[in-house]
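# Inside the fold
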Amino acid sequence: MINSTNLIRPLVQKLHPYIPGEQPKIKGLIKLNTNENPYPPSPKVLDAVRAAVDARLRLYPNPTAQALCERLAELHGCQTENIIIGNGSDELLTLAVRAFAEPASSVTQGKHAEATVQYFDPSYSLYPVLAEIHGALTNAVPLAKDFKLPTPAQLKKQGQWRFDAALTLVTTPNAPSGRGFPTSELEALCQHQKGVTILDEAYVDFADENALPLALKFPHVLVARTFSKAYSLCFQRIGYFVGPATLIKALHKVRDSYNVNGLAQVAALATLDDLPYYQKNFRRIIASRNQLTAELTTMGFKVLPSQANFILTKPPGPTAEKWLQTLRDSKILVRWFNKPNIKQYLRITIGNKKEVSALLKAIRSRISSPVGS
Ligand SMILES: *Cc1c(COP(=O)(O)O)cnc(C)c1O
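About the criteria used
- Each chain has its residues counted from 1, following the order in which its sequence is written.
- Owing to the predicted nature of the model, reporting of local features is limited to residues with pLDDT of at least 70; listing and counting of side-chain atom pairs is limited to 80 or more, with chain, interface and lining totals taken over all residues.
- Heavy atoms from the whole structure form the basis of all side-chain values; hydrogens and water molecules are not counted.
- A pair of strands is treated as paired once DSSP finds two or more bridges between them.
- Under the DSSP-based scheme used, a helix requires at least four consecutive residues in state H or I and a strand at least two consecutive residues in state E, with every element numbered from the N terminus.
- Pairs of residues are marked as contacts when any of their non-hydrogen atoms sit within 4.5 Å.
- Only the contacting stretch of a helix is used when fitting its axis, a line to C-alpha atoms as for every element, and angles between N-to-C directions run 0 to 180 degrees.
- For every residue, the accessible area obtained with a 1.4 Å probe (protein chains only) is divided by the maximum for its type, and the residue is called buried under 20%, exposed over 50%, and partly exposed between those limits.
- The nonpolar core is taken to be a set of buried Ala, Val, Leu, Ile, Met, Phe, Trp, Tyr and Cys residues, with the residues joined through side-chain atoms within 4.5 Å.

### Description of the sheet that holds strand β9 (residues 302-303)
Within a sheet, each strand pairs with its neighbour through backbone hydrogen bonds, oriented either parallel or antiparallel. Taken in spatial order, the 3 strands make up an open sheet running β9-β10-β12, and their pairing is antiparallel. Single-partner strands in this sheet number two, and they are β9 and β12 (346-349). Relative to strand β10 (residues 310-314), β9 is paired through 2 bridges, and the arrangement is antiparallel. For Val-303, the partnering residue across the bridge sits in β10 and is Thr-313. Together, β9 and β10 form the strand contacts of helix α11 (residues 275-298), whose direction differs from that of β10 by roughly 10 degrees.

The structure is reproduced here in structure tokens:
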């Protein structure tokens, strides 16, 4: 008898899969755990997708999402050669690991810089998963307690950071802290990095600043964007990188030939035709974020300043894990990470007005009538 387990590469047998936020189907559940946008896509986007559902589904989509590349190039003031579209920015992150980092098994000499995938901890929890799948080495460098971006001098002093890492991934604004990193500080970091440096701007539309100019200035810097969070299109899976043509060309070489599905291309193009609709929602979400921050603060929560569509907050009284359960009992789902440096926090996605009110109401009632904390 063949043992199926033995057919799997040892590296794959040992992998830890990425754990996405739950998507439970509970009626009336208020879902504030995966940073989805509380507002639907523009009606024009829904119309465009509906209108595209016809006999065309039989055909392959445009292999490079050319029309979308052209629109994005126009939007960002660059060339189409500076853009690659992916099946979500997650796919592009996978491609970046594949294109820029060596598997550790292929490097035996020296300090393995060419096999090192580096990121701050905490940041997007997918990065280590992608590095492990590839068999690359990881260098997770802890952020200070305030989650601020360290300066190159601080990183040098701390000693663990590698300025020669093949691939460095920076979530900016940071997730899960929500902290925005000033472009000037990111530029200082980029100036010191020798390997490819990806600035993952999944939440940038909720921030005061963006670092796109760095991707159009440096030969080793890429900016990652997604339609998921700000543009209410998680379901469609569409993201992109902007950066130097040479790096973009390398990424094209290692992608699937039809990596972006046709309906996603249609949806993204229609989104770019209706940006004011989304900008209005950004303003609503930012206003809710600021209101939620203020109200939680008066109730004794410590809330980190956020530049994203979520907040990271340390609740008073019971542990964050207990608060997770308390809120779940009120049919409100938030995110708690069982990790030493953030386990005292909850990450809460900014919902619509009704959801934010329900959250505040549940918290208020828990604070006024504490049951065995
Ligand atoms: C959500 C998220 C992504 C992934 O976005 P998709 O385009 O949906 O794959 C990438 N980076 C960060 C930091 C995210 O939070």
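That was the structure; now back to the text.
### Topic: unusual backbone geometry
Residues Thr-172 and Pro-173 are joined by a peptide bond in cis, for which omega reads -5 degrees. On the secondary structure map, Pro-173 appears in the loop between β5 (167-171) and α7 (183-192). Across the junction of Ala-175 and Pro-176, the peptide omega takes the value 10 degrees, indicating a cis bond. With respect to the secondary-structure elements, Pro-176 resides in the loop between β5 and α7. Of note in this structure, Asn-35 is not a glycine but carries a positive phi near 60 degrees. Secondary-structure assignment places Asn-35 in the loop between β1 (30-31) and α2 (43-52). Given the relative accessible area of 1%, Asn-35 is considered buried. The backbone of Ala-65 shows a phi angle near 55 degrees, a positive value even though the residue is not glycine.

### Describing the environment of Asp-47
Residue position: Asp-47 is located in helix α2. Accessibility expressed as a relative area gives 47% for Asp-47, which makes it partly exposed. Counting along the chain gives 223 residues from Asp-47 to Ala-270, while the straight-line C-alpha distance between them is 9.0 Å.

### Describing the nonpolar core
One recurring pattern in soluble globular proteins is that nonpolar side chains are buried together. Ile-85 and Phe-227 are the most contacted members of the largest nonpolar core, which has 83 residues in total. Per-element tally for this core: the top contributor is α11, with 6 residues. With sequence-adjacent residues up to four places away left out, Phe-227 is seen in contact with Leu-68, Leu-72, Ser-232, Leu-233, Ile-238, Gly-239, Tyr-240, Ala-268, Thr-271 and Leu-272. Core analysis: the next-biggest nonpolar cluster, separate from the first, contains 27 residues, Val-129, Leu-130, Ala-136 and Leu-251 among them.

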